[in-house]
Amino acid sequence: MWKCVRCNKENQDSAEKCINCGHGKTMDYTGHRSVSRLRPEIINNWKKQKEKPMLMADWIAADDDVIVLGSKLSREKVHEIDFVKMNLASIPSGAWDVSEDQSGTIWAWVKETPEGYILYIGSEKGVYANKNCEDLFYYYLNVKKISFNNLFDTSRVTNMAGMFANCESLIELDLSNFNTKNVTSMEGMFSECKTLQVLDVSRFDTSSVEDMFGMFSGCKNLKSLDVSRFDTSSVEDMYSMFSECESLEELDVSGFDTRNVTNMGHMFGGCESLKELDVGKFKTDKVKNMSFMFFNCKNLKSLGVSRFNSANVEDAKWMFSGCEKLKIY
């Protein structure tokens, strides 16, 4: 049985409208709890209130100034970035709205220190990273630390191209909570992070990624990198993926699925410290560019490339140039 909230008439469970006044079914008789059918717009607004807000995109066009999240502040003046929880009832002085829909749900502000500015990005319950995270932290040349504090949800991101590119002062980066299942581009994601020494990407879900062009290029101080569980079955471009990672001593790419890759140019070029590299299972049927692929791998002693299919290769110049100790089999 259910009880009509308009006229208190009791009705059979099978009845969708009150037999007395015609009002729609609105009560669960057990405890008389309201089960009113809410309008869709009310439900949607309620859901939005429960969800985290989305941070604005901040990609840099070729002729744009490299500024912070739509402000006039140069990225070069920032030395630390912190994601924090805040009370929206007391917005810090000088803060500006950095929410995607300009709803006043995410705010950014800075604190000046002798080293430079600390950039705070605050919200009540964390933020969704924008679907387009291209260049989001690009060219923060002097930033030494980025603290996400479990407040940066990347589950909706599809583009991470250049996301941390040219963060030349970063030494360590904790991305352990990054959800990358929907990301299709990681082009230049860590390019030119010259002082980066610790980077854990071992739990990245790369099953949707198509572009890894220059992903770790120029990470000169990175000594170890675990990419052994990368799913590269969708990747088409690996040009310069590890180029100039001159301190990298170990690299396990033996499980890479390269069936769709067309560009491997400069892929390992300048990896001076690598002594071993297993590329024996690489499928190269679609590859057109292998130029400089192992260029200047000075300490690489042996390399199994006998199964490489070079039928479609158009450019293989300087492929093994500078490999002084290398024996090819």
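Preceding this paragraph is the structure being described.
Residues numbered from 1 in each chain as written. Predicted model: local features only at pLDDT ≥ 70, side-chain atom pairs only at ≥ 80, totals over all residues. Heavy atoms only, no water.

> Quick question: what am I supposed to make of the overall build of the chain here?
In terms of regular secondary structure, the chain is built from one helix and 15 strands. Relative to the globule expectation of 20 Å for 329 residues, the C-alpha radius of gyration of the chain, 27 Å, shows a markedly less compact shape. Taken along its principal axes, the extent of the C-alpha atoms in the chain is 95 × 55 × 35 Å. A separation threshold of at least 6 residues defines the contact pool for the chain, and within that pool the share at least 24 residues apart is 70%. Summing over all exposed atoms, the chain offers an accessible surface of approximately 16,900 Å²; the carbon and sulfur share of this is 44%. Charge-centre separation for the chain: the mean point of 40 positive side chains lies 8 Å from the mean point of 48 negative side chains. (Helix = DSSP H or I, 4+ residues; strand = E, 2+ residues; numbered from the N terminus. Rg over C-alpha atoms; globule rule 2.2 N^0.38 Å. Contact = heavy atoms within 4.5 Å. Areas by Shrake-Rupley, 256 points an atom, 1.4 Å probe, with all protein chains shown as cover. Lys, Arg positive; Asp, Glu negative; His and termini not counted. Charge placed at Lys NZ, Arg CZ, Asp CG, Glu CD.)

> Just checking my understanding: could you explain the nonpolar core for this structure?
It is characteristic of soluble globular proteins that their nonpolar side chains tend to be buried jointly. The biggest cluster of nonpolar side chains holds 82 residues, and the ones touching the most others in it are Phe137, Phe152, Phe164, Phe190, Phe216, Phe242 and Phe268. Contributions of two or more residues to this core are made by strand 5 (78-85) and strand 8 (116-123). Here this core takes three residues from strand 5, the largest share from any one element. Apart from the residues within four sequence positions on either side, Phe137 is in contact with Arg75, Ile81, Phe83, Ile146, Phe148, Phe152, Met163, Phe164, Ala165 and Cys167. Trp107, Trp109, Ile118 and Tyr120 belong to the second-largest nonpolar core, a separate cluster that totals six residues. (Core = buried A, V, L, I, M, F, W, Y, C linked by side-chain atoms within 4.5 Å. Buried < 20%, exposed > 50% of the residue type's maximum accessible area, 1.4 Å probe, protein only.)

> Please clarify how the environment of Lys317 should be interpreted in this entry.
Summarising the element assignment, Lys317 is placed in the loop between strand 14 (302-303) and strand 15 (327-328). By relative accessible area, which is 44% here, Lys317 ends up partly exposed. Taking C-alpha positions, Lys317 is 8.9 Å from Met293, a pair spaced 24 residues apart along the chain. In contact with Lys317, not counting residues within four places along its chain, are Ser291 and Phe292.

> Which parts of the structure should I look at to understand the packing of aromatic side chains?
To describe a pair of aromatic rings, one takes the distance between the centres and the angle between the planes. The full count for this structure, using the stated rule, is 22 aromatic pairs. Considering the side-chain rings of Tyr138 and Tyr139, the 5.5 Å spacing of their centres and the 45° angle between planes classify their relative orientation as tilted. Taking the relative accessible area as the measure of exposure, Tyr139 reaches 25% and is therefore partly exposed. Ring geometry for Phe152 versus Phe178: centroids 5.9 Å apart, planes at 40°, classification tilted. You can see Phe152 sitting in strand 11 (residues 152-153) and its partner Phe178 sitting in the loop between strand 12 (172-173) and strand 13 (198-199), a full 26 residues away along the chain. One exposure class covers both Phe152 and Phe178, and it is buried. Looking at Lys52, its charged tip hangs above the ring of Tyr128, at a distance of 4.5 Å from the centre. (Phe/Tyr/Trp six-rings, centres within 6.5 Å; stacked < 30°, edge-to-face > 60°. Lys NZ or Arg CZ within 6 Å of the ring centre and 35° of its normal.)

> Would you mind showing me how to read unusual backbone geometry here?
It is generally the case that most residues other than glycine have a negative phi and that most peptide bonds are trans. Of note in this structure, Ser240 is not a glycine but carries a positive phi near 60°. Topologically, Ser240 is positioned in the loop between strand 13 and strand 14. Overall, Ser240 belongs to the buried group, its relative accessible area being 9%. Phi angles above zero are rare outside glycine, and Glu244 is one such case at about 60°. Along the chain, Glu244 falls in the loop between strand 13 and strand 14.

> Can you help me understand the environment of Gly70 in this one?
Relative to the helices and strands, Gly70 resides in the loop between helix 1 (40-50) and strand 5. Measuring from C-alpha to C-alpha, the distance between Gly70 and Val98 comes to 7.9 Å, with 28 residues separating the pair along the chain. Not counting chain neighbours up to four residues away, the residues in contact with Gly70 comprise Met56 and Asp58.

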